[in-house]
Amino acid sequence: MNILAIETSCDETAIAFCAIRGGIHAPKISILSEVVASQIDVHREFGGVVPNLAKREHTVNLPIALEKVMKKIPREKNGKPEKLDVIAVTVGPGLEPALWTGIEFAKKLGKLWNVPVIGANHLEGHLYSFLLAQSAARPRKGQKSKLFPAIGLIVSGGHTILVSMDSMISRKVIGETLDDAAGEAFDKVARMLNLPYPGGVEIEKLAKTGNHTAILFPRPLIHTKDYNFSFSGLKTAVLYYTKNNPSAKIADIAASFQAAAIDVLIHKTIRAAQASGAKNIFLSGGVAANSALRKSLSGAARKNNMRFFVAPAKYNTDNAVMIALAGFFSRMRKKKYALTARGTLNI
Ligand code: KG4
Ligand code: ZN
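Residues numbered from 1 in each chain as written. Chains lettered and ligands numbered in written order. Predicted model: local features only at pLDDT ≥ 70, side-chain atom pairs only at ≥ 80, totals over all residues. Heavy atoms only, no water.

## A short note on the pattern of salt bridges
Opposite charge on two side chains makes pairing possible when the charged atoms of those side chains draw close.
Now for step 1: Overall, the coordinates contain twelve salt bridges when judged by the stated rule.
Now for step 2: A salt bridge links Asp180 to Lys188, with the nearest nitrogen and oxygen atoms 3.5 Å apart.
Now for step 3: With relative accessibility at 29%, the residue Lys188 sits in the partly exposed group.
Now for step 4: Here Glu184 and Lys188 are joined by a salt bridge, their closest N and O atoms 3.1 Å apart. In this pair, Glu184 and Lys188 are both assigned in helix H5 (residues 182–192), four residues apart and thus about one turn of the helix distant.
Now for step 5: Each member of the salt-bridge network shares a partner with another, and the members are Asp180, Glu184, Lys188 and Lys235. (Salt bridge = Lys/Arg side-chain N within 4 Å of Asp/Glu carboxyl O. Buried < 20%, exposed > 50% of the residue type's maximum accessible area, 1.4 Å probe, protein only. Helix = DSSP H or I, 4+ residues; strand = E, 2+ residues; numbered from the N terminus.)

Next comes the structure, spelled out in structure tokens:
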């Protein structure tokens, strides 16, 4: 299946052209062309994403991104990429004004080229990005996939979700955050420390120069039996510590906060895998770009005799390749998402 995928749910305008072969239980993706146009510079002065600015930027960036992607793809006379089967566009979750720009753009292209347009779930995109991991081995024909059962941890700016997967298409959400998402906590703590937006990357950079054992921040819900998360108490603890200790080294605060957040994420993920007998762990979402998290979860998985899959860092933050994957699974399963922007949408 040849897919043109479009992602505009937040502050990245992304388009990718991918070929996915091999069927629903052993897909293999080839990325033929892709572009991610980041709006970070536009939103930085506001300290976060401004939805209407995001919408304006997507409108400007989409035709430019498409042109760039198409440079590598042979086209037909009307500009349509050769052998294009479907256009997949993110319909949610995300910022609705931003989502609409992608949806309208996709619909216009679909009409112009006479190609079907399907909706894609952004969270499914993150989840399936494990297929971009270097070690995402495909089972041989007729051989049972060794990738399952698996536990997927999605950690992004808006979500923190633990998913139990029995196969490529059978899954159940077993836990999520009760308040802030992991990425949101990174961004808010970064703001407290006067670091620029986007905060996650800045915390990671600063943490490398700090002592992660300097301050013992709380690890909310780490010992509860369920698989839910809570990051708002940790964020508040950092706020009070920072106010009460104005001379503390901010690198130590960043490192100690990061260690607390990672500790909880790893503890719950490994426990979920142990309880469900899963031998595979899939990590995804923007926070999965964090090298300390990748390293710690990978080490914990190895210690517990589990395999660990994570896409290269650039496919953890928002991109359109993951939307091609989400679109592929929707199409193969005949699951249809209406072409309407959905601020909230479950996985
Ligand atoms: O998946 P994503 O790009 O967008 C959403 O779907 O939300 O995730 C963005 C989130 C932001 O909160 C950002 O600060 C965080 O991912 N993030 C990181 C890192 N890179 C991005 N958090 C920690 N360390 C990083 N290196
Ligand atoms: Zn995302």
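Read on for the rest.
## Digging into the site of ligand 1
Now for step 1: Looking at ligand 1, there are 18 residues lining it, with His126, Gly157, Asp187, Glu204 and Asn290 nearest.
Now for step 2: Here Glu204 contributes a side-chain N or O atom positioned 2.7 Å from a nitrogen atom of ligand 1.
Now for step 3: Gly286 is positioned with one of its backbone polar atoms (N or O) 3.0 Å from an oxygen atom of ligand 1.
Now for step 4: Burial of ligand 1 by the protein chains amounts to 88% of its free accessible area of 550 Å².
Now for step 5: Contributing elements (two or more residues each) for the shell around ligand 1: helix H4 (122–128), H5 and helix H6 (199–207). (Near = heavy atom within 4 Å. Polar contact = N/O pair within 3.5 Å; in protein donor to acceptor, adjacent residues only side chain to side chain. Areas by Shrake-Rupley, 256 points an atom, 1.4 Å probe, with all protein chains shown as cover.)

## Structural notes on the packing of H5 against helix H8 (residues 250–276)
Now for step 1: For the pair H5 and H8, interaxial distance at closest approach is 11 Å and the crossing angle is 175 degrees. Viewed along their axes, H5 and H8 adopt a mutual orientation that is roughly antiparallel. Between H5 and H8, the contacting residues are Ala182, Ala185, Phe186 and Val189 on the first element and Phe257, Gln258, Ala261 and Leu265 on the second.
Now for step 2: Looking at the contact of H5 with H8 residue by residue, the classes come out as seven nonpolar, one polar and no charged. (Axes fitted to C-alpha atoms, helices over the stretch in contact; angles between N-to-C directions. Parallel < 35°, antiparallel > 145°, perpendicular 65-115°, else oblique. Contact = heavy atoms within 4.5 Å. Nonpolar A, V, L, I, M, F, W, Y, C, P; charged D, E, K, R; others polar.)

## Thoughts on the environment of Glu82
Now for step 1: Relative to the helices and strands, Glu82 is located in the loop between helix H2 (51–70) and strand S4 (86–92).
Now for step 2: For the pair Glu82 and Leu95, spaced 13 residues apart in sequence, the C-alpha separation works out to 32 Å.

## With respect to the side chain of Ser330
Now for step 1: Inspection of the secondary structure puts Ser330 in helix H10 (residues 321–333).
Now for step 2: For Ser330, a relative accessible area of 3% translates into the label buried.
Now for step 3: Not counting residues up to four positions away in its chain, the partners in contact with Ser330 are Gly119, Glu124, Lys335 and Tyr337.

## Here we look at H5
Now for step 1: If you check which residues of H5 are buried, you get Ala182, Gly183, Ala185, Phe186, Val189 and Ala190. Along the long axis of H5, the arc covered by the buried residues comes to 160 degrees, so they all point the same way.
Now for step 2: On the buried face of H5, the contacting elements are strand S6 (150–155), strand S7 (160–165), H6, helix H7 (232–244) and H8.
Now for step 3: Looking one or two residues beyond H5, the residue adopting positive phi is Asn194, at roughly 60 degrees. (Arc of directions from axis to C-beta.)

## Notes on the sheet that holds strand S2 (residues 12–21)
Now for step 1: Taken in spatial order, the five strands make up an open sheet running S3-S2-S1-S4-S5, and their pairing is mixed. The outermost strands of the open sheet, each flanked by one partner alone, are strand S3 (28–38) and strand S5 (117–121). For this sheet, the mean angle separating the axes of adjacent strands, direction not counted, is 25 degrees.
Now for step 2: Examined bridge by bridge, S2 and S3 share ten bridges and lie antiparallel to one another. Its bridge partner being in S3, Ile15 is matched across the sheet by Val35.
Now for step 3: In this fold H10 packs onto strand S1 (2–7), S2, S3, S4 and S5, with an angle of close to 110 degrees to the strand it touches most, S5. (Pairing = 2+ DSSP bridges.)

## Regarding the pairing of S6
Now for step 1: Of all six residues making up S6, six are buried, and the element is well covered by its neighbours.
Now for step 2: By the alternation rule, side chains of S6 split into Ala150, Gly152 and Ile154 and Ile151, Leu153 and Val155, which are all buried.
Now for step 3: Bridge analysis of S6 against S7 gives six bridges, and the strand direction is antiparallel. Across the sheet, residue Gly152 finds its bridge partner in S7, namely Val163.
Now for step 4: Counted between consecutive antiparallel strands, the loop separating S6 from S7 contains four residues.
Now for step 5: Bridging between S6 and strand S9 (residues 280–284) involves five bridges; their strand directions are parallel. Opposite Leu153, over in S9, you have Leu283 as the bridge partner.

## As for the nonpolar core
Now for step 1: Among the nonpolar cores identified, the biggest contains 49 residues, and Ile203, Phe217, Phe257 and Leu283 are the most heavily contacted of them.
Now for step 2: Secondary-structure elements contributing two or more residues to this core are S6, H5, H6, H7, H8, S9, helix H9 (291–303) and strand S10 (307–310).
Now for step 3: Sort the elements by how many residues they give to this core and H8 lands first, with 14 residues.
Now for step 4: Among all residues touching Phe217, those that are not within four sequence positions of it are Leu234, Ala237, Val238, Tyr241, Ile253, Ser256, Phe257 and Ala260.
Now for step 5: With 42 residues, the next largest nonpolar core counts Cys18, Ala88, Val163 and Val321 among its residues. (Core = buried A, V, L, I, M, F, W, Y, C linked by side-chain atoms within 4.5 Å.)

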